[in-house]
Amino acid sequence: MTSLPMPADEAEARAVQDTLRARVVLDEPGPPPGTGRVTGVDVAYDDERDVVVAAAVVLDAATLDVVAETTAVGRVTFPYIPGLLAFREIPTVLAALESLPVDPGLVICDGYGRAHPRRFGLASHLGVLTGLPVIGVAKNPFTFSYEQPGPHRGDRSPLLDGEEEVGRALRTQDGVKPVFVSVGHRTGLDNACAHTLLLARDFRQPETTRRADSLCRQALREATA
């Protein structure tokens, strides 16, 4: 796992992004959907106390049974700047992943990979630092445009920055708002969408995200009680 360069200010953070972005691997398909392990990561904040909690939940990709889960508590050490949120979250997310007793397999972030103005969202940042295959599944399209996909589960449409496809709008349940899938590291976009559909069997969000969100919120309540 690569150590995280923690920038002192916005300009330094953008320089770190530029350096790490060159290490993103985009020519690997990623693990086959429905096999091995998949791990959801998510964070929760208490801004008044500058506390951030990260959760990592490992599922069996075939059954969606929980294999392992862990949390980590940290301090927020970088200001809120749009496009640079990874620097607030990654140290604690890394701590959670490092404490897992099993290999996490494919990691799913509640956020962005290539679907980021600088093509280096949390999923890409985390992938480069850990070497793991990572995808981003977000609730909104950030600043990018898309046509509504068809109304049925599995329908999709390109998420575009001009003419460049940076991700996909993917309908995971009939008649429900799409999620926005993008590649982080060592996984192709078709594969990322296939994983997302298998993980979102009953709800809009992947089960990895739902489990990690619930766990980190619980851990935050306990950490700030």
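Residue numbering note: each chain is counted from 1, following its sequence as written. Given that the model is predicted, a residue must reach a pLDDT of at least 70 before its local features are reported, and side-chain atom pairs must reach 80 or more before they are shown or counted; all residues, however, enter totals for whole chains, interfaces and linings. The side-chain figures draw on all heavy atoms in the structure; neither hydrogens nor water molecules are used.

S.K.: Sorry, what's going on with the pairing of strand 7 (residues 156-161) here?
M.R.: Side-chain positions along a regular strand alternate between the two faces of the sheet. Pairing between strands requires that DSSP locate at least two bridges from one strand to the other. A run of H or I in DSSP becomes a helix once it reaches four residues, and a run of E becomes a strand once it reaches two; helices and strands are each numbered from the N terminus. By the bridge criterion, two bridges tie strand 6 (residues 145-146) to strand 7 in an arrangement that is antiparallel. Within the sheet, the bridge partner assigned to tyrosine 146 lies in strand 7 and is leucine 159. Both strand 7 and strand 8 (residues 164-170) contribute to a ladder of six bridges, which runs antiparallel. Note that in strand 8 the partner of serine 157 across the bridge is alanine 169. Connecting strand 7 to the next strand, strand 8, in antiparallel fashion are two residues, including glycine 162 with a positive phi near 65 degrees.

S.K.: How do you make sense of the side chain of threonine 196 when you look at a structure like this?
M.R.: Its location among the elements puts threonine 196 in helix 4 (residues 189-199). Since its relative accessible area comes to 1%, threonine 196 is described here as buried. Among the polar contacts listed, one links the side chain of threonine 196 to the backbone oxygen of alanine 192, at a separation of 2.8 Å. Each residue touching threonine 196, except ones within four places of it in the same chain, is listed here: Ile135, Val137, Leu170, Thr172, Val179, Val181 and Pro206. We call a residue buried when its accessible area falls under 20% of the maximum for its residue type, exposed when it is over 50%, and partly exposed in between, using a 1.4 Å probe and counting protein chains only. N or O atoms within 3.5 Å of each other form a polar contact, as long as, within protein, one can give a hydrogen and the other can take it, and as long as residues adjacent in sequence are counted only when both atoms are side-chain atoms. Note on contacts: a residue pair is in contact if any heavy atoms of the two residues lie within 4.5 Å.

S.K.: How do you make sense of the packing of aromatic side chains when you look at a structure like this?
M.R.: Between two aromatic rings, the relevant description is the distance of the centres plus the angle of the planes. Between the rings of Phe, Tyr and Trp (Trp by its six-membered ring), a pair exists once the centres lie within 6.5 Å; its type follows the angle of the planes, with under 30 degrees stacked, over 60 edge-to-face, and the other angles tilted. Following the criterion strictly, the structure yields four aromatic pairs and no others. Taken together, a centroid distance of 5.5 Å and an interplanar angle of 40 degrees make the contact between phenylalanine 78 and phenylalanine 87 tilted. Assigned by exposure class, phenylalanine 78 and phenylalanine 87 land together as buried. The residue whose ring lies beneath arginine 210 is phenylalanine 203, and the NZ or CZ to ring-centre distance is 3.6 Å. Whether a charge lies above a ring is judged from NZ of Lys or CZ of Arg, which has to be within 6 Å of the ring centre and within 35 degrees of the ring normal.

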